[in-house]
Amino acid sequence: MRVFVPFESLNSETRVALIPESVQKLTALGASVVVESGAGANSYFLDTDYEKAGATIATDRNAELAQADLVGRVLKPPLDEVAQLKPGSLHVSFLDPFNEGELIEAFSKANVTAVSMEMIPRTTLAQKMDALSSQANLAGYFAVIKAAERLNRILPMMMTPAGTIAPSRVFVIGVGVAGLQAIATAKRLGARVEAFDTRPVVEEQVKSLGAKFVKIDLGETGQTEQGYAKELTPEQIKMQQDGMAKICAQSDIVITTAKLFGRTAPKIVTEEMVNGMKKGAVIVDLAVESGGNVVGSKLDEEVDIDNGPRIIGIGSLEGRVAVHASQMYSANIYNFIEHFWDDESKQVGLNLEDEILSGCVITHGGAVVHERFK
Ligand code: NAD
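Residues numbered from 1 in each chain as written. Predicted model: local features only at pLDDT ≥ 70, side-chain atom pairs only at ≥ 80, totals over all residues. Heavy atoms only, no water.

1. Some thoughts on the pairing of strand β1 (residues 2-5)
- One ladder, built from 4 bridges, connects β1 with strand β2 (residues 32-36); its direction is parallel. In the sheet register, valine 5 faces β2, and the bridge partner there is valine 35.
- The handedness of the β1 to β2 crossover, carried by helix α1 (residues 20-29), is right-handed.
- Bridge analysis of β1 against strand β4 (residues 70-72) gives 2 bridges, and the strand direction is parallel. Paired with phenylalanine 4 across the two strands is valine 71, which belongs to β4. (Pairing = 2+ DSSP bridges. Helix = DSSP H or I, 4+ residues; strand = E, 2+ residues; numbered from the N terminus. Right-handed = clockwise from strand over helix to strand, strands pointing away.)

Structure follows, in structure tokens:
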């Protein structure tokens, strides 16, 4: 199997789909790996590192796209590149399938098997290939680091001869993978941490990290079979907002990570709540790319509210720690290939009945095969 790693389609993308360590492992498995010259540069992996790991460096992107059996990327490909892929080949990347009908159609027409990394099932077996988790984990960490850097005070308590400094207060809204890591990171930095999620099951996890779970009685909430949050009713949203306004007002940092899989993120922090926060406080909206949890957050901008907080809405925060984000994503892709590797044909075996593949393969054999996108 010939694997090709092209330069990412957005110059602003700092990650790379495969790092040299995974290239070495793929080569040992029996694959040959071709990397577009400079593909790893934004995450500090040089062409020479790839060559040492056994890859070939290519400069003719189009020729490589046309002969690769598997193209691996972080981001979805540009629409016009799909037709250049080899018929029958595999394409593995984030695809944003809920918003990319045209792209899915193009994959189907090109007879390419498109794997959507965000659709890898959230099961124990598939954990090693779960890129949503591996990237959200780093985004949660970096959200706290970013907030701490922009805050005009320190996070830990300090008892000094000049007096005692009280710990800063951090409020995490949404306790999935990113939220849990944000809590753990803020705790490590010495902050006093509170957290809230509509799924009551996370209360124990919050407590086990030494943070306080904010209880707001919303009546029936719950989660889907996959563990994702269900959408709240307008009455429940109002109850939630009232309960949280007080906590926001006393917090130095608010980190929101509340997403609804495949849908627009809920607006949780209202204008009133923002205006009720302390001057100099910091909000980081991790859901900014899917619509934002905070009224007034803007993608890739810091918005300073007059006499109020600063709202940070940077997208893809994991990209700010590109070395580790690439390392994790690359391991996810390698684990995917290795899990389905057929040693006889030296190719990825595609049994679409498989529970993982039926979850993440969107197109195959010239058709859209995924139930949700047919
Ligand atoms: P996500 O990014 O979809 O959402 C983040 C959090 O926001 C979730 O905890 C969600 O409940 C919460 N949320 C949504 N609406 C909210 C609202 N109005 N107010 C407050 N919070 C709100 O979640 P995720 O991090 O992708 O995790 C989704 C689920 O998958 C979780 O249950 C997680 O434990 C599970 N998971 C399982 C595995 C596995 O078993 N292998 C791996 C990863 C994640």
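2. Thoughts on the pattern of salt bridges
- By the definition in use, this model includes 23 salt bridges.
- Residue glutamate 64 pairs with arginine 2 through a salt bridge whose shortest N-O separation is 3.0 Å. Note that glutamate 64 is positioned in helix α3 (residues 61-67) and arginine 2 in strand β1, a separation of 62 residues in sequence.
- Residue glutamate 64 is classed as buried on the basis of its relative accessible area, which comes to 9%.
- Salt-bridge contacts for glutamate 302 lead to arginine 310; the nearest nitrogen and oxygen are separated by 3.7 Å. (Salt bridge = Lys/Arg side-chain N within 4 Å of Asp/Glu carboxyl O. Buried < 20%, exposed > 50% of the residue type's maximum accessible area, 1.4 Å probe, protein only.)

3. Some details on the packing of aromatic side chains
- Overall, the coordinates contain 5 aromatic pairs when judged by the stated rule.
- Centre to centre, the rings of phenylalanine 94 and tyrosine 329 are 5.5 Å apart; their planes meet at 40°, and the pair counts as tilted. Here the residue phenylalanine 94 occupies a position in the loop between β5 (90-93) and α5 (101-109), and tyrosine 329 occupies one in helix α11 (residues 322-339), the gap between them amounting to 235 residues. Considered together, phenylalanine 94 and tyrosine 329 belong to a single accessibility category, that of buried residues.
- Ring pairing ties together the aromatic residues Phe98, Phe261 and Phe373, which thus form one cluster. (Phe/Tyr/Trp six-rings, centres within 6.5 Å; stacked < 30°, edge-to-face > 60°.)

4. Digging into the environment of leucine 299
- Tracing the backbone through its elements, the reader meets leucine 299 in the loop between β13 (282-285) and β14 (302-304).
- For the pair leucine 299 and glutamine 205, spaced 94 residues apart in sequence, the C-alpha to C-alpha distance is 30 Å.
- Non-local contacts of leucine 299, meaning those with residues more than four positions away in its chain, are made with Val288, Glu289, Gly313 and Gly315. (Contact = heavy atoms within 4.5 Å.)

5. What to know about helix α9 (residues 234-250)
- Spanning 17 residues, α9 covers 25 Å between terminal C-alpha atoms, matching the ideal 24 Å at 1.5 Å per step.
- Along its length, α9 reaches its greatest deviation from straightness, about 30°, at methionine 244.
- Residues of α9 that are buried: Gln236, Gln240, Gln241, Met244, Ile247 and Cys248.
- Packing partners of the buried residues in α9 comprise β9 (169-173), β10 (192-196), β12 (253-256) and α10 (271-275). (Expected span 1.5 Å × (residues − 1). Bend = angle between axes of the 7 residues up to and from the residue.)

6. So, α11
- The terminal C-alpha atoms of α11, which comprises 18 residues, lie 25 Å apart, in line with the 26 Å expected from a rise of 1.5 Å per residue.
- Among the residues of α11, those classed as buried are Ala322, Ala325, Ser326, Tyr329, Ser330, Asn332, Ile333, Tyr334, Asn335, Phe336 and Ile337.

7. Things to note about the domain arrangement of the protein chain
- Per the domain assignment, the segments of the protein chain are domain 1 (2-119 + 322-367) and domain 2 (139-315).
- One C-alpha centre belongs to domain 1, the other to domain 2, and the line joining them spans 34 Å. (Domains from an automatic or database assignment.)

8. Re the sheet that holds strand β19 (residues 367-368)
- Taken in spatial order, the 8 strands of this open sheet run β3-β2-β1-β4-β5-β6-β18-β19, and their pairing is mixed. Each edge of the open sheet is held by one strand with a lone partner, namely β3 (56-58) and β19.
- In this sheet, β5 lies alongside β4 in parallel orientation, the contact comprising 3 bridges. Note that in β5 the partner of glycine 72 across the bridge is valine 92.
- Against the sheet, α5 touches β5, β6 (113-116), β18 (361-364) and β19, its axis set at about 40° to β18.
- In the packing of α11 onto the sheet, the strands contacted are β4, β5 and β6, and the crossing angle to β5 comes to about 145°. (Axes fitted to C-alpha atoms, helices over the stretch in contact; angles between N-to-C directions.)

9. Things to note about the packing of helix α6 (residues 131-150) against α11
- At a minimum axis distance of 9 Å, the contact between α6 and α11 shows a crossing angle of 165°. For the element pair α6 / α11, the angle class is roughly antiparallel. The two elements α6 and α11 meet at a crossing, and its hand is right-handed. Listed contacts from α11 to Ala131, Ser134, Gln135 and Leu138 of α6 are His324, Ala325, Met328, Tyr329 and Asn332.
- Here the contact of α6 with α11 is built from residues that sort into 5 nonpolar, 4 polar and no charged. (Parallel < 35°, antiparallel > 145°, perpendicular 65-115°, else oblique. Left-handed = near helix turned anticlockwise from the far one by under 90°. Nonpolar A, V, L, I, M, F, W, Y, C, P; charged D, E, K, R; others polar.)

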